[in-house]
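Analysis of the macromolecular model
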Amino acid sequence: DFNTHTLSQAKALEHELVRRGTAAKVRCGFQHWNPYIRDTIAEMKHDGVESFIVLIMTPHQSSVSWDLYLRIVSEGIELAGKDAPQVAGVAQPFWSDARFIDALAARMRECAKREGIKLNGPATGILLSAHSVPAPIVKTSPYCRQVEQTAHALAQALGTPDAVVAYQSQPSEGTIEWCGPTIEQAVEKLAGAGKKAILASAVGFLCDNVEVLYDLGVEGERAAKARGMRFARAESVHTHPAFIAMLADRVEAATRTTAGSA
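Scope of this entry: the structure provided in the associated data block. As the structure is a prediction and not an experimental result, all values here were calculated from the model. Chains are numbered independently. Their residues run from 1 in the order of the written sequence. pLDDT decides what is reported in this predicted model: residues at 70 or higher carry local features, side-chain atom pairs at 80 or more are listed and counted, and totals for whole chains, interfaces and linings draw on all residues regardless. Calculation of side-chain values draws on the structure's entire complement of heavy atoms; hydrogens and water are dropped beforehand.

For the rest of this paragraph, the subject is the pairing of strand S6 (residues 230–233). In this description, strands pair whenever DSSP reports at least two bridges between them. Strands here mean DSSP runs of E at least two residues long; helices mean DSSP runs of H or I at least four residues long; both are numbered from the N terminus. Bridge count between strand S5 (residues 197–201) and S6: 4 bridges; the pairing is parallel. If you follow Ala-200 over to S6, its bridge partner there is Arg-233. For the handedness criterion, the β-α-β arrangement of S5, helix H8 (residues 210–226) and S6 is classed as right-handed. For crossovers, right-handed means that the path from the first strand over the helix to the second runs clockwise, given strands pointing away from the viewer.

All right, on to the packing of helix H4 (residues 98–115) against helix H6 (residues 143–158) then. Each axis is a line fitted through C-alpha atoms, taken for helices only over the stretch in contact, and angles between the N-to-C directions span 0 to 180 degrees. Direction vectors running N to C along H4 and H6 enclose 55°, while the axes themselves pass 9 Å from each other. When the interaxial angle is binned, H4 and H6 end up oblique. Crossing of H4 over H6 shows right-handed handedness. Of the residues in H6, those in contact with Phe-100, Ile-101, Leu-104, Ala-105, Met-108 and Arg-109 of H4 are Thr-150, Ala-153, Leu-154, Ala-157 and Leu-158. Ten residues, namely Ala, Val, Leu, Ile, Met, Phe, Trp, Tyr, Cys and Pro, are considered nonpolar, four, namely Asp, Glu, Lys and Arg, are considered charged, and the remaining ones, Gly among them, are considered polar. Classifying every residue of the contact of H4 with H6 gives 9 nonpolar, 1 polar and 1 charged. Orientation categories follow fixed angle ranges, with anything under 35 degrees roughly parallel, anything over 145 roughly antiparallel, 65 to 115 roughly perpendicular, and all other angles oblique. The handedness criterion is simple: a crossing whose near helix is rotated anticlockwise from the far helix by less than a right angle is left-handed, and one whose near helix is rotated clockwise is right-handed. Note on contacts: a residue pair is in contact if any heavy atoms of the two residues lie within 4.5 Å.

What follows deals with the sheet that holds S6. Taken in spatial order, the 4 strands make up an open sheet running S4-S3-S5-S6, and their pairing is parallel. Only two strands of the sheet have a single partner each, and these edge strands are strand S4 (164–168) and S6. Taken pair by pair, the neighbouring strands of this sheet meet at an average axis angle of 30°, ignoring direction. Two strands pair when backbone bridges link them, and strand S3 (residues 124–131) and S5 are joined in this way by 5 bridges, in the parallel orientation. Looking at S5, one finds that Thr-124 is bridged to Ala-197. Against the sheet, H6 contacts S3 and S4, and its axis sits at roughly 135° relative to S4.

Here we take up the layout of surface pockets. In this analysis a 1.4 Å probe is tested at points of a 1 Å grid over the protein atoms alone, and where it fits but cannot get out there is a cavity; an open set with protein on both sides within 12 Å along at least five of seven lines is a pocket; lining residues have an atom within 4 Å of a point. Grid points are joined across faces, edges and corners, and a volume is the space filled by probe spheres set on the points. Approximately 240 Å³ is the volume found for the second largest pocket. Surrounding the second largest pocket, 13 residues form its lining, Ser-169, Gln-170, Thr-182, Ile-183 and Glu-219 being those nearest its centre. Where the lining of the second largest pocket is concerned, the elements lending two or more residues are S4, helix H7 (183–192) and H8. Element by element, the count of residues in the lining of the second largest pocket is highest for H8, at 4 residues.

The next thing to look at is the pairing of strand S1 (residues 51–54). Remark: exposure states derive from per-residue accessible area (1.4 Å probe, protein chains only) relative to the maximum for the residue type, with buried under 20%, exposed over 50%, and partly exposed in between. Side chains of S1 alternate between two faces, with Phe-52 and Val-54 buried and Ser-51 and Ile-53 left unburied. Note that the unit made of S1, helix H3 (residues 66–80) and strand S2 (residues 86–90) has a crossover that is right-handed.

This part covers the environment of Arg-222. Topologically, Arg-222 is positioned in helix H8. According to the relative accessible area criterion, Arg-222 is partly exposed, its value standing at 49%.

This part is about H6. To estimate the expected span of a helix, subtract one from its residue number and multiply by 1.5 Å. End to end, H6 covers 23 Å across 16 residues, agreeing with the expected 22 Å (1.5 Å per residue, within 8%). Taken together, the buried positions of H6 are occupied by Tyr-143, Cys-144, Gln-146, Val-147, Thr-150, Ala-151, Leu-154, Ala-155 and Leu-158. Buried-residue contacts for H6 involve H4, S3, helix H5 (135–140) and S4. One or two residues past the end of H6 sits Gly-159, with phi positive at roughly 70°.

As structure tokens, then:
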């Protein structure tokens, strides 16, 4: 199942909310796979749901990530027609939330320990990646700035020098420029700085999807090995307790805001 990790996150969030006394059902809707967002909204209508909180599972904001999901939700409500459930609130983004950073840092430390790589060693480079976006979008959104802020906060949490940021999953062909540097360019930079090992984390992703597994786990490792460097990829945040607690706080805050304005 392509969505196993996200479904696990939803279940963990639901359990955390119940533990706090909020009996909320957490449902998943996807853009590129079943259940599609429109289908989840139709299901909620069938179940008599009147309103819901939107939790966008992407850390950084742009018109092709955050804004796109909000638009797809609106389109799903319109498709559902009469008596469709309405958006009661949107959970706030979390690219710089301390607990998101704590979860990322914990995964990096786990990786370093597992691979026997000294996290703060002078020969170890830190590579942090997010999904590339078209260059025109960079000029009209806070996306790259937020990615850089995540990277800076994570480097501080790890007690390392500033990490190298890279952008992955660029199309191999096309007329539109996409933001960089690429994973390979970042590896080249770390090699040029004399690093012998790389610890990598896909900070723009919340689970180990196929892009993370291939772009870092295959292409990143291949690029590093070609330069005589070790390469280790940290697990994504998945259901790390700090991350799930942060999501629960975001949902509760959106719920309180909705109740306060009613």
